[in-house]
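# Commentary on secondary and tertiary structure
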Amino acid sequence: MTTLSLPSVRGKLTHNAPLAPLVWFKSGGTADWLFEPRDVADLQDFLAGLAPDVPVMALGLGSNLIVRDGGVPGVVVRLGKPFAKVENVDEVTLECGGGASGILVSSTARDNGIAGLEFLRSIPGTVGGFVRMNGGAYGREVKDVLVDCDVVIRSGEIVTLPLSELGYTYRHSDLTDGSIVVAARFRGHAGEPDAIQAEMDRISAAREASQPLRSKTGGSTFKNPDGGKAWELVDKAGCRGLAIGGAQVSEKHTNFLINTGEATSAELEALGEEVRKRVKDMSGVELEWEIKRIGRL
Ligand SMILES: Cc1cc2nc3c(=O)[nH]c(=O)nc-3n(C[C@H](O)[C@H](O)[C@H](O)COP(=O)(O)OP(=O)(O)OC[C@H]3O[C@@H](n4cnc5c(N)ncnc54)[C@H](O)[C@@H]3O)c2cc1C
């Protein structure tokens, strides 16, 4: 990859960029290349000029990722400030940049009297990550509020995909790794800013009480299996507090793994696999990873 010739860009392109500081777990290797585009056209030109066999993936706040210790091949695209705008399109619809945070989206919705987007207040991540993961909390998920999204595909073309083309199921969309969500339109319904703020406060307080928000973590580790709760299965299998090296199953919420200090990504992943094994032995249920594990072992 060192000899790779890359198209020239107006944004920032960094070789061997450490990813640990950019992800919640604070572990893992480097990106062969990290690209922070200046704007949509910069991203499009770069992808159009990049050899088609070079892998590309988007990175948001890294709140649902284990970056493996061997680093990530190809190009990691991170949407920064130029992609973080949120504006209203009409009384109940917001146009959100792919790099905008859930906090910015929900507070702009409140300021514009748009209810129904409060749940985004509690999910740490960017609009691109929410759209890709069908992020959700407190009974709502992206598929309930998304109108459509603009996606720069691997060829550099930009396409607008309506909700019906995203193939949403629980914490899943059909978007592929090389596709970068650069904007999305979310629709809520008319509401009173004070009531919206009260709902955001209620959600934040519930979060604070139940999740290790101040830890180096990656959110829900496993998807809830049909008709069950992943945290309950993990707890029943005796895994609360289980540790491998610096990686530990949270004592506060058993579907969260935490990096207690200097955990490697290999330790975090090995712990997750050990939990899956113990749950399978105890209950017969095969837990499926919700956290995405990326890069070279
Ligand atoms: C404390 C904590 C609590 C959490 N609670 C919840 C919760 O309640 N509900 C929930 O759903 N999730 C939760 N999560 C997980 C996480 O916040 C969500 O999955 C979020 O959608 C990830 O957003 P991100 O931008 O950080 O994406 P990343 O973690 O950076 O990436 C996740 C995936 O999205 C892709 N992606 C990121 N940006 C883009 C883009 N612009 N275009 C295309 N693909 C992109 C990445 O390639 C990767 O495949 C929690 C995480 C933490 C740490």
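So, here is what we can say about the structure in this document. Model, not experiment: these values are computed from the prediction. (Residues numbered from 1 in each chain as written. Predicted model: local features only at pLDDT ≥ 70, side-chain atom pairs only at ≥ 80, totals over all residues. Heavy atoms only, no water.)

Scanning the protein chain for helices and strands turns up 6 helices and 19 strands. Against the globule reference of 19 Å for 297 residues, the protein chain gives a C-alpha radius of gyration of 19 Å, in line with a compact fold. Across the 297 residues that make up the protein chain, the buried fraction comes to 48%. When contacts within the protein chain are restricted to residue pairs at least 6 apart in sequence, those whose partners lie at least 24 apart make up 65%. Measuring between centres, the 33 positive side-chain charges of the protein chain sit 4 Å from its 39 negative side-chain charges. (Helix = DSSP H or I, 4+ residues; strand = E, 2+ residues; numbered from the N terminus. Rg over C-alpha atoms; globule rule 2.2 N^0.38 Å. Buried < 20%, exposed > 50% of the residue type's maximum accessible area, 1.4 Å probe, protein only. Contact = heavy atoms within 4.5 Å. Lys, Arg positive; Asp, Glu negative; His and termini not counted. Charge placed at Lys NZ, Arg CZ, Asp CG, Glu CD.)

Time to look at the site of the ligand. Taken together, the neighbourhood of the ligand is formed by 35 residues, with A58, P124, T126, G136 and R207 sitting nearest. Residue G60 places a main-chain N or O atom 2.7 Å away from an oxygen atom belonging to the ligand. Within the contact set of the ligand, an oxygen atom lies 2.7 Å away from a side-chain nitrogen or oxygen of R207. Compared with its free state, where it exposes 960 Å², the ligand has 98% of that area covered by protein. (Near = heavy atom within 4 Å. Polar contact = N/O pair within 3.5 Å; in protein donor to acceptor, adjacent residues only side chain to side chain. Areas by Shrake-Rupley, 256 points an atom, 1.4 Å probe, with all protein chains shown as cover.)

Applying the stated criterion across every chain yields a total of 2 aromatic pairs. A centroid spacing of 4.3 Å and a plane angle of 40° characterise the contact between F35 and F46, whose relative ring orientation is tilted. Of this pair, F35 sits in strand β2 (residues 30-36) while F46 sits in helix α1 (residues 40-49), and the two are 11 residues apart along the sequence. Judged by relative accessible area, F35 falls into the buried class, the value being 0%. Residue classification places F46 among the buried positions, given a relative accessible area of 0%. Ring centres of F222 and W289 lie 5.3 Å apart, and the angle between their planes is 55°; this geometry places the pair in the tilted category. Placement of the pair is F222 in the loop between β15 (216-217) and α5 (230-236) and W289 in the loop between α6 (265-283) and β19 (292-294), with a sequence separation of 67 residues. Residues F222 and W289 agree in their burial class; the two are buried. (Phe/Tyr/Trp six-rings, centres within 6.5 Å; stacked < 30°, edge-to-face > 60°.)

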